[in-house]
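Chain by chain, the residues run as shown.
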Amino acid sequence: MTLLRALPLRSRPRLVAALVTFVLFAGYLTTALTHRLDHGGSWWQDGAAEVRTESERTQLVFTFYPGDRMTFGTTIRNPRPWPVTITGVADDGDHIFRVSSVTMNRPGDAGYVNFDSTTAVAFQPVNLGPGEEPPVFVTVTMPDVQFGEGSGLVFDDVAVSFNALGLPRHQQVPLGYRVWVRAPNGYVPRRVGD
């Protein structure tokens with residue numbers, strides 16, 4: 001406060017304005033950079049997955065066959081009180097699976113989540129208001145790699161790109177369940193005819 005008193009009267013409003021601007025800008029950056037998305041309240045699995053629940057944790061278990069595709073669905077929730085725009089899902093390129101497609105259903109009336117793979121369209125950027133969670137389907141192609149008997153791959157999050165308050169962000173968003181791709185008999189060669 002002594003600095004403010006030492007300034008000439010006409011300089012004080014500029015200093016106060018600069019301080020207020022700095023505080024507002026710092027608050028904006030902090031808010032945008034700390035925004036986190038979360039898994040929604042719904043998920044979906046295709047018929048090839050076995051669903052297991054152990055210790056209150058759900059697992060989708062797929063059997064590993066090189067070249068096969070598996071599809072799982074999740075909702076990505078915006079838990080904060082301001083809107084965001086999801087610009088990409090499963091787009092980090094840093095995984096052993098090759099992402100074949102990402103599709104989505106638009107949220108239905110009154111925020112109702114509708115998983116319908118027959119009406120899903122190619123993913124496109126989607127605006128999410130507070131509490132909204134669009135259903136997203138991710139289809140991946142299994143790699144042609146070797147596994148030991150009983151081993152496999154496990155993951156429980158998906159890479160999501162989004163804009164929060166105009167700033168681009170990237171986050172590993174939890175699925176709310178675990179995907180386990182297991183090789184029960186070790187390396188599984190390509191099926192005849194593949």
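What counts as what
Position numbers for residues count from 1 along each chain, tracking the sequence in the order it is written. Only residues with pLDDT of at least 70 are given local features in this predicted model, and only at 80 or more are side-chain atom pairs given and counted; all residues enter the totals for whole chains, interfaces and linings. Note that water and hydrogens are dropped before the side-chain values are worked out from all heavy atoms of the structure. Patch criteria: residues need more than 30% relative accessible area and no salt bridge. Like-charged residues are merged within 9 Å; nonpolar side chains of Val, Leu, Ile, Met, Phe, Trp and Tyr are merged within 5 Å. Computed with the Shrake-Rupley method and a 1.4 Å probe, the accessible areas treat only the protein chains shown as cover for residues. A pair is scored as a salt bridge if a Lys or Arg side-chain nitrogen falls within 4 Å of a carboxyl oxygen belonging to Asp or Glu. Labels follow the DSSP assignment, with helices taken as runs of H or I lasting at least four residues and strands as runs of E lasting at least two, numbered in each case from the N terminus. Each pair of strands is called paired provided DSSP finds at least two bridges between the two strands. pLDDT is a residue-level measure of predictor confidence that goes from 0 to 100. The contact definition used throughout considers only heavy atoms, calling two residues in contact when any of these lie within 4.5 Å.

**Describing a nonpolar patch on the surface**
So, step 1. On the surface, a cluster of nonpolar side chains totalling about 270 Å² of accessible area is made up of Val-16, Val-20 and Leu-24.
So, step 2. By the element assignment, Val-20 lies in helix 2 (residues 12-33).

**Topic: the pairing of strand 11 (residues 167-183)**
Residues in a regular strand project their side chains so that they alternate between the two faces of the sheet.
So, step 1. One ladder, built from 5 bridges, connects strand 3 (residues 57-63) with strand 11; its direction is parallel. By the bridge assignment for strand 11, Leu-60 is matched with Val-179.
So, step 2. As defined by bridge partners, strand 10 (residues 151-164) adjoins strand 11 across 13 bridges and the pair is classed as antiparallel. Looking at strand 11, one finds that Ala-159 is bridged to Gln-172.
So, step 3. Linkage of strand 10 to strand 11, two consecutive antiparallel strands, is achieved through a turn of 2 residues, within which Leu-165 is found at a positive phi near 55°.

**Description of the confidence of the model for the chain**
So, step 1. On average, residues of the chain score 79 in pLDDT, and 79% of them are at 70 or above.
So, step 2. Across the chain, the secondary-structure element scoring lowest on mean pLDDT is helix 1 (residues 2-6), at 59, and the one scoring highest is strand 5 (residues 84-89), at 92.
So, step 3. The low-confidence segment residues 189-194, where pLDDT is below 50, has 6 contacts with residues more than four positions distant or belonging to other chains.

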